[in-house]
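Each chain, letter by letter, is given below.
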Amino acid sequence: MNFPVNALVLLAGIFLLSNAPREPQTYVIGDKADDFSLRNVDGRMISLADYPEAKGFIVVFTCNHCPYAQLYEQRLIDLHKKFNPRGFPVIAINPNAPEIVPEDSFEEMKIRAAEKRYPFVYLLDSAQTVFPRFGALRTPHVFILDRNLIVRYIGAIDDSPETAAAAQRKYVDSAVTAMLRGERPEPDFTRAIGCMIKRRK
Amino acid sequence: MRILYLVSFLFFSGSCALRGQAYTVYDDFSQLETRIQQLSAKTTVVINFWATWCGPCVEELPCFEELTQKYGGPDFQVWLVSLDFKTRLEKQFIPFLEKNKLKAEVILLADQNADDWIPKVHKDWEGSLPSTVVISGGQRKLQQGQFANFEELESFVLGFLKTVQKVTGLSTEGSR
């Protein structure tokens, strides 16, 4: 008689545990990021594991439609051109649901990437599983990872959205430069105005 | 010729501002902070951070207009704080205000040191638009993202006011 009761309690326990509301933890500085596999505008599936030589990654959640993302487009191209040869490629990910923002569809991403000659990959988070894991909230939103996928910087690209030349603090540039010297970025967390990520309901 | 063009442009933009809706430009966040600090203890302020270029922000503006109409007064204020660029004031911001004739107070916040001022609005805010902060009785509540409709905004505000025990003077039936 005892056994089935125990088994029932155990089953109930498993049931309760599996149904307990668990907020997925988003990354903070020092966490190890999960790799992902997302489709690039050229049709290939891209993972961070595809870059065995990389010293790290400038992962940026960005998109076509957001004026802030557009303002930073050239700066992302410049960052990739500067740091990709030194082992830090830009990995751009569009997190928006195209049903909500038609301008951010995969087809539109292809057009944009071709028009602006993106030197970096431009991936679509089509299932919207990657950006919530990172804890990305807006476009653009940067996460710099080291070669072991440890998150070293979260935040803005610089402190001057409207004009690149007026930037006094180039956060991403300084962070990667510090990491290439074997140092920790300082600051490692910044805030900025941006467009809320459009999540499928 | 260039001077003539400049003069006519200034005249045109000046007259636009005169004919259009009143708005205030704050170049420094401290100006907004001072306004908040000067509020009396019984005053509630709902601050919506928006921009004319932000689709979901513009979509939810009517909710804040309705809130202003229903509850607005000296002890219940709604501030629409725009993050539009100052350089696009004449081309984008003023025409938008002229077209929409907003009832709530409009402020253009042009402080570029976003990393400094964003956490002063609310410790959990990282800067995505739209976002809304309600301030009452020295406490703050943050909503990141759009309100689906007026009822959602209203219950967000009233629910918060209940928790700060400021429900007196603000019945759910409204002041009208």
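Being a predicted model, the structure only gives us computed values, none of them experimental. (Residues numbered from 1 in each chain as written. Chains lettered and ligands numbered in written order. Predicted model: local features only at pLDDT ≥ 70, side-chain atom pairs only at ≥ 80, totals over all residues. Heavy atoms only, no water.)

Undergrad: Whenever I open this one, the overall build of chain B confuses me. Can you help?
TA: When helices and strands are tallied, chain B shows 6 helices and 7 strands. Along its sequence from the N terminus, chain B presents helices and strands in the succession α-β-α-β-α-β-α-β-α-β-β-β-α. When the 176 residues of chain B are sorted by exposure, 50% land in the buried category. Pairs at least 24 residues apart make up 69% of the contacts formed inside chain B by residues separated by at least 6 positions. Accessible area of chain B: about 9,000 Å², with a carbon and sulfur share of 55%. (Helix = DSSP H or I, 4+ residues; strand = E, 2+ residues; numbered from the N terminus. Buried < 20%, exposed > 50% of the residue type's maximum accessible area, 1.4 Å probe, protein only. Contact = heavy atoms within 4.5 Å. Areas by Shrake-Rupley, 256 points an atom, 1.4 Å probe, with all protein chains shown as cover.)

Undergrad: It is not clear to me how the sheet that holds strand β4 (residues 90-94) of chain A should be interpreted in this structure. Could you clarify?
TA: Picture the strands of a sheet paired through backbone hydrogen bonds; they go either parallel or antiparallel. Residue and element names in this part refer to chain A. With mixed pairing, the 7 strands of this open sheet are ordered in space as β2-β1-β5-β4-β3-β7-β8. One side of each edge strand has no neighbouring strand; the edge strands of this open sheet are β2 (45-46) and β8 (151-155). Here strand β7 (residues 141-146) runs beside β8; their pairing, made up of 4 bridges, is antiparallel. Bridge pairing in β8 places I144 opposite Y153. Together, β1 (38-40), β4 and β5 (121-124) form the strand contacts of helix α3 (residues 106-115), whose direction differs from that of β5 by roughly 170 degrees. Across the sheet, helix α5 (residues 171-180) touches β3 (56-61), β7 and β8, and the angle it forms with β7 is around 5 degrees. (Pairing = 2+ DSSP bridges. Axes fitted to C-alpha atoms, helices over the stretch in contact; angles between N-to-C directions.)

Undergrad: Looking at this model, I keep getting lost on the nonpolar core. Mind explaining?
TA: When a protein is soluble and globular, its nonpolar side chains tend to lie buried together. Judged by nonpolar contacts, the single largest core of 63 residues is most densely connected at B:W50, B:W117 and B:L129. It is helix α6 (residues 150-163) of chain B that contributes the most residues to this core, 7 residues altogether. Those residues in contact with B:L129 that sit more than four places away from it in its chain are A:I193, A:G194, A:C195, A:M196, B:F49, B:W50, B:A51, B:W53, B:C54, B:C57 and B:L83. Membership of the second largest hydrophobic core comes to 29 residues, among which are A:L79, A:V90, A:Y122 and A:A175. (Core = buried A, V, L, I, M, F, W, Y, C linked by side-chain atoms within 4.5 Å.)

Undergrad: Just checking my understanding: could you explain the interface of chain A and chain B for this structure?
TA: Note: interface size is frequently given as the accessible area lost on complex formation between the parts. With 20 residues of chain A in contact, the opposing surface of chain B contributes 24 residues. Buried surface at the junction of chain A and chain B, both sides included, amounts to about 1,900 Å², of which 57% is carbon and sulfur. Counting the surface chain A buries against chain B, the share from its top three residues, A:E162, A:R191 and A:I193, is 35%. Counting the contacts that link chain A with chain B gives 2 salt bridges. Note that B:D116 and A:R169 form a salt bridge whose closest N and O atoms lie 3.7 Å from each other. If you look at where chain A meets chain B, you find 8 residue pairs in polar contact (both at pLDDT 80 or more). Mapped by element, the contributors of at least two residues to the side of chain A that touches chain B are α2 (67-83) and β9 (194-196) of chain A. Residue composition of the side of chain A that touches chain B, by class: 11 nonpolar, 3 polar and 6 charged. Alignment of β9(A) against strand β5 (residues 128-129) of chain B, held across 2 bridges, turns out to be parallel. Its bridge partner lying in β5(B), A:C195 is registered against B:L129. (Buried area = accessible area lost by both parts, 1.4 Å probe. Salt bridge = Lys/Arg side-chain N within 4 Å of Asp/Glu carboxyl O. Polar contact = N/O pair within 3.5 Å; in protein donor to acceptor, adjacent residues only side chain to side chain. Nonpolar A, V, L, I, M, F, W, Y, C, P; charged D, E, K, R; others polar.)

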